[in-house]
Amino acid sequence: MQQLAHQLLQKTIRRWVPFWRDLPKQQHLLEKLSLDPHLNAADEKVLLTWMDACLKSDGGEVAARGRAAELGRHFLGLNDAGRVRFLSLMADNYNVDEAQLTQVIESWLAADSGERVALEAQLRIALEPPRMKLLAQFNELPQGIKFLVDMRAQLLRLTKKHPNLAPLEADLKRLLSAWFDVGLLQMEEINWRSSAELLEKLIAYEAVHAIKDWNDLKNRLDSDRRCFAFFHPNMPDEPLIFVEVALVKGMANNVQELLDETAPLEDIGLADTAIFYSISNAQAGLSGISFGNFLIKRVVKQLQQEFTQLTAFATLSPIPGFCRWLDNIDVEQESALLDEGVALRSPDHMQKMAIHYLGKEKQKRNPSYARDPVAHFHLSNGAQIERLNWLADTSDNGLKQSQGMMVNYLYQLPHIESRIQDYSTKGKVALSASIEKKLSS
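Predicted model, so just to flag it, every value in this text is computed and none were measured.

Calculation criteria
Residues numbered from 1 in each chain as written. Predicted model: local features only at pLDDT ≥ 70, side-chain atom pairs only at ≥ 80, totals over all residues. Heavy atoms only, no water. Buried < 20%, exposed > 50% of the residue type's maximum accessible area, 1.4 Å probe, protein only. Helix = DSSP H or I, 4+ residues; strand = E, 2+ residues; numbered from the N terminus. Contact = heavy atoms within 4.5 Å. Arc of directions from axis to C-beta. Salt bridge = Lys/Arg side-chain N within 4 Å of Asp/Glu carboxyl O. Pairing = 2+ DSSP bridges. Phe/Tyr/Trp six-rings, centres within 6.5 Å; stacked < 30°, edge-to-face > 60°. Patch = residues over 30% accessible without salt bridge, like charges linked within 9 Å, V, L, I, M, F, W, Y side chains within 5 Å. Areas by Shrake-Rupley, 256 points an atom, 1.4 Å probe, with all protein chains shown as cover. Core = buried A, V, L, I, M, F, W, Y, C linked by side-chain atoms within 4.5 Å. Polar contact = N/O pair within 3.5 Å; in protein donor to acceptor, adjacent residues only side chain to side chain.

Trainee: Describe helix α7 (residues 131-139), naming the residues involved and giving the relevant values.
Mentor: Within α7, the full set of buried residues consists of Arg-131, Met-132, Leu-134, Leu-135, Gln-137 and Phe-138. For α7, the elements touching its buried residues are α2 (41-56), α3 (61-77), α4 (80-93), α8 (144-158) and α9 (166-179).

Trainee: Describe helix α19 (residues 416-426), listing the residues and the values that go with them.
Mentor: Every buried residue of α19 is listed here: Ile-416, Arg-419, Ile-420 and Tyr-423. Viewed end-on, α19 has its buried residues packed into an arc of 105 degrees, placing them on one side of the element. Away from its buried face by more than 90 degrees, α19 exposes Glu-417 and Lys-426. Where α19 is buried, its residues touch α13 (292-306), α17 (373-380), β6 (384-389) and β7 (406-411).

Trainee: Can you tell me about the pattern of salt bridges, naming the residues and giving the values?
Mentor: Within the structure shown, the criterion is met by 21 salt bridges. Residues Asp-216 and Arg-220 are paired through a salt bridge, measuring 3.2 Å at the closest nitrogen-oxygen approach. Placement of both Asp-216 and Arg-220 in helix α11 (residues 214-220) is noted, with a separation of four residues, approximately one turn of the helix. By relative accessible area, which is 2% here, Asp-216 ends up buried. Measuring nitrogen to oxygen at the nearest pair gives 2.6 Å for the salt bridge that ties Glu-334 to Arg-345. Here Glu-334, found in helix α15 (residues 331-336), pairs with Arg-345, found in the loop between α15 and α16 (347-359); they are 11 residues apart in sequence, far enough to count as distant. Residue classification places Glu-334 among the buried residues on the basis of a relative accessible area of 6%. One continuous salt-bridge network, built from bridges that share partners, spans Glu-206, Lys-212, Asp-216, Arg-220, Glu-244 and Glu-261.

Trainee: I'd like a rundown of the pairing of strand β4 (residues 273-281), residues and numbers included.
Mentor: Counting buried residues along β4, seven of its nine residues qualify, which places the element largely inside the surrounding structure. Where strand β3 (residues 241-248) and β4 come together, eight bridges link them in antiparallel fashion. Counted as the bridge partner of Leu-247 is Ala-274 from β4. Here β4 pairs with strand β5 (residues 312-315) via four bridges, running parallel. By the bridge assignment, Phe-276 is partnered in β5 with Thr-315.

Trainee: Explain the packing of aromatic side chains to me, using residue names and the numbers behind them.
Mentor: If you walk through the whole model with that rule in mind, you get nine aromatic pairs. Between Trp-192 and Trp-214, the ring centres sit 6.3 Å apart and the planes meet at 75 degrees, which makes this aromatic pair edge-to-face. Here the residue Trp-192 occupies a position in the loop between β1 (186-189) and α10 (196-205), and Trp-214 occupies one in helix α11, the gap between them amounting to 22 residues. Both rings, one in Trp-325 and one in Tyr-357, keep their centres 5.2 Å apart while their planes meet at 35 degrees; by these two values the pair is tilted. Of this pair, Trp-325 sits in helix α14 (residues 322-328) while Tyr-357 sits in helix α16, and the two are 32 residues apart along the sequence. Here Trp-325 matches Tyr-357 in class, with each residue buried. One aromatic cluster is present, built from ring pairs that chain together Phe-75, Phe-86, Phe-138 and Phe-147.

Trainee: Please set out a nonpolar patch on the surface residue by residue, giving values where relevant.
Mentor: The grouping of Trp-390, Leu-391 and Leu-399 at the surface amounts to a nonpolar patch, some 240 Å² of accessible area in total. Along the chain, Leu-391 turns up in the loop between β6 and α18 (396-402). Of the residues examined, Leu-391 reaches a relative accessible area of 37% and is grouped as partly exposed.

Trainee: Go over the nonpolar core with me, naming the residues and quoting the values.
Mentor: The biggest cluster of nonpolar side chains holds 93 residues, and the ones touching the most others in it are Leu-71, Phe-86, Met-151, Phe-180, Leu-303 and Phe-322. Apart from residues lying up to four places away in sequence, Leu-71 is in contact with Leu-33, Leu-47, Trp-50, Met-51, Cys-54, Phe-86, Leu-134 and Phe-138. Within the second largest apolar cluster, 15 residues are counted, among which are Leu-217, Leu-221, Cys-227 and Ala-282.

Trainee: Provide a residue-level description of the environment of Arg-220, including the pertinent values.
Mentor: Relative accessible area serves as the criterion here: at 2%, Arg-220 is assigned to the buried category. Here Arg-220 is in contact with Glu-206, His-209, Ala-210, Ile-211, Arg-225, Glu-244, Leu-259 and Tyr-277, once residues within four sequence places are set aside. Among the polar contacts made by the side chain of Arg-220, one reaches the main-chain carbonyl oxygen of His-209 at a distance of 3.0 Å.

Below, the structure written as structure tokens:
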């Protein structure tokens, strides 16, 4: 699947280059830029001159747009080392002008209330690093917003080894957060009649339960299933996030049964439960920009309108951090949770450990929030931990992550807002009566 995702990216890049080449090419507007893929020292000097010209808009905005197109086209042609150098030039040379910022702050502190209003505008300008303008110029290019999304994906991978790139990544995240406001997004249903290109991306981007082949995908888009995605107007062919839903009778407790291609179709007229069994972020460059909560709410509303008999909305979710946590706790902590007469690491003990992990273990950076990332996502969106399911995912990944256990998170519409408030302000984890009883025993 990673290979397929890489192939999709290469196809996208091949589509961008002709678009960008067709921008105005008059010699007096657009010089020719030539860079070695490795980006050597001489190239860096040329590139800085070029970036300066983009920021100063020498020759007007049309010329700046043309230069930005050349920058983007050459960035795509660089190798990994060259891209690190390109991004480092932006990060290291186009930061906030500290001297100018200090001057504006001192003026603001010395000014009376009437003068401060005008100085506040200057302060906002001084706080904006020049590279923000350059990033915004990329956005105006054909496929420019996708270019920036993929640039941030690369920055996220690079910042651990190259911490100087972190401020550039933060700036780009701020831009993308504004451009991808949920009010600008469109929810669409994906079905078997969708374009082959879009279906191919669905296979590549599925991050929870890998889609094996086209037959598997067709099964997931059958008449008793639904798939919805968010799209951005400037990225109409690229899903941002998508959710897969099964319409069933009763609450599903096994993902292999849910995805069984040989199983008979459910009679959706008898379905009383919508099971959200996969939520996948499709764009790595939009990590940390939240869409999932809004998508779930819109899907619930859509399904309520289409199937008025639905009474329950729940997930069948993995526990991705459980085994990693279990492998790192000390023997005393685990033994303290061992019930009398129950063997260590037996099924009963493992289930109790999982319930403890979901209901009690907290993040180190924020001790109010659940440690498991999927639990945190659903709890922060107003769900309740409803049920733990033993051997619900016996795939290699399911066994590796959580010994095959999965969770039903239940979204009870009258309680969603109060649970969001309780979790966000008090760290209160909503539990069903059966889970609460097991947790306290």
